[in-house]
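In case you want the letters, here they are:
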Amino acid sequence: MTTVIQHSLQKVMESKIAIIDGAMGTTIRTYGMTEAHIRGERFQDSMKDLLNNGDLFSLTQPDMIGDIHRRFLEAGADIIETNTFGATSITQSEFFVDDPREKGGRKDPEFYQKVIEDPFLNNLAWEINEQSARQCRQWADRIGNETGHQRFVAGAIGPLTVSLSNSPDADDAGFRVVTFDQVKTAYMQEVRALIAGGSDLLLVETIFDSLNAKAALVAIREVFDADGKELPVMISAAVGRGGETMISAQTIEAFWNAVKHAKPLSVGLNCSLGPDLMYPFLSDLSEKADVAISCYPNAGLPNPLSETGFDLGPADMARYLGEFAKAGLINIAGGCCGNTPEHIAAIAKALEGQPPRVIPSGSRA
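Residues numbered from 1 in each chain as written. Predicted model: local features only at pLDDT ≥ 70, side-chain atom pairs only at ≥ 80, totals over all residues. Heavy atoms only, no water.

Novice: Is there a simple way to think about the pairing of strand S4 (residues 201-207) in this case?
Specialist: A regular strand places its side chains so that they alternate between the two faces of the sheet. Counting buried positions along S4 yields seven of seven residues, so the element is predominantly enclosed. Across four bridges, the pairing between strand S3 (residues 152-157) and S4 is parallel. Within the sheet, the bridge partner assigned to glycine 155 lies in S4 and is leucine 202. One crossover worth recording links S3 to the parallel S4 by way of helix H9 (residues 180-196), and it is right-handed. Looking at chain direction, S4 and strand S5 (residues 233-237) are connected through four bridges and run parallel. Counted as the bridge partner of valine 204 is isoleucine 235 from S5. Where the polypeptide runs from S4 across helix H10 (residues 210-227) and back to S5, its parallel neighbour, the crossover connection is right-handed. (Buried < 20%, exposed > 50% of the residue type's maximum accessible area, 1.4 Å probe, protein only. Helix = DSSP H or I, 4+ residues; strand = E, 2+ residues; numbered from the N terminus. Pairing = 2+ DSSP bridges. Right-handed = clockwise from strand over helix to strand, strands pointing away.)

See below:
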């Protein structure tokens, strides 16, 4: 089964640049959702504001999330992502557990051990991931069957709200709020739920802390080995102005060397500062990596006066991604923050007929 899934996506990338969807958060905001909408009946008594916890919409507003998936698919996306960017027990604890710092305490490994053992958070994280994957699966299959063009579900695995690389305590450089094993445990649960929901691929994305990403990749490997089922893995980092992963400050080449052991289907860049500033770093990665290259940048820099909250419109993103394609840099393209279905439609149209980057022979993809 795994071989068929991999072969299908590889066949797509042999003939075209595959399109990945845009920003779930940006598109959700166009629906005018309020705190009452995200709470629904289930979370109406929650003590903290939940509106920034967009993953919960998969449980409380599934019709809206399904509509967003439909729109991205109809815009031309070959790959759609699950609405699970923050769907680990660790990240969900930000919305459902009192912050000990408010009472003079601190977040530390003892605090996060309670988090990863908390039945409510574990059940919630599992449900968000499984249901989000099922919602994606339903729409990917529906549109795929209608068009005769197979679509793929990528289980989105985000970067967490804690760092394994850096200490938050200026007086204790060796202190970490969480341990590697705790992060790995949280990611293992997410991976299993994404697979249970029907994901075709696993996407470790928006990596700004490479050690967090390493924990995710170890989690994926251990789940594959223990459960006897393996899916293709995509890896995508966010970079700063100097082309370094933002917290761990690895160069593009160092980042690739740190993750290539996972033998990913693709490696790439997303989010970051917009497509214009991403170009040289994407070019560097394309030169170094021997697997498929993905690219889904933000729609420029944040701009609160813009309708989407970002500077670049659909035509702008289409022009930039078109330049990446003409330079032979990409195999998978789409958009991150600020990119709506209209942006993805423009990108898909601009890349139609453009040849994909030539993947070095003998590589996995």
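Having seen it, we continue.
Novice: Help me understand the pattern of salt bridges in this model?
Specialist: Once the charged atoms of two side chains with opposite charge are near each other, the side chains can pair. What the rule picks out here adds up to 20 salt bridges. When the shortest N-O distance is used, the salt bridge between aspartate 99 and arginine 101 registers 2.7 Å. Since its relative accessible area comes to 14%, aspartate 99 is described here as buried. Overlapping salt bridges bring together Asp67, Arg70 and Glu74 as one network. (Salt bridge = Lys/Arg side-chain N within 4 Å of Asp/Glu carboxyl O.)

Novice: Mind showing me how you'd approach the packing of helix H6 (residues 89-96) against helix H8 (residues 119-147) here?
Specialist: Helix packing geometry: the angle between the two helix axes and the distance between the axes. Running from amino to carboxyl end, H6 crosses H8 at an angle of 115°, the nearest separation of the two axes being 9 Å. By the angle class used here, H6 and H8 are roughly perpendicular. When you trace H6 past H8, the crossing you get is right-handed. Of the residues in H8, those touching H6 at Ser89, Gln92, Ser93 and Phe96 are Phe120, Leu121, Asn122, Leu124, Ala125 and Ile128. Of the residues belonging to the contact of H6 with H8, the class tally is six nonpolar, four polar and no charged. (Axes fitted to C-alpha atoms, helices over the stretch in contact; angles between N-to-C directions. Parallel < 35°, antiparallel > 145°, perpendicular 65-115°, else oblique. Left-handed = near helix turned anticlockwise from the far one by under 90°. Contact = heavy atoms within 4.5 Å. Nonpolar A, V, L, I, M, F, W, Y, C, P; charged D, E, K, R; others polar.)

In short, shape yes, function no, at least from these values alone.
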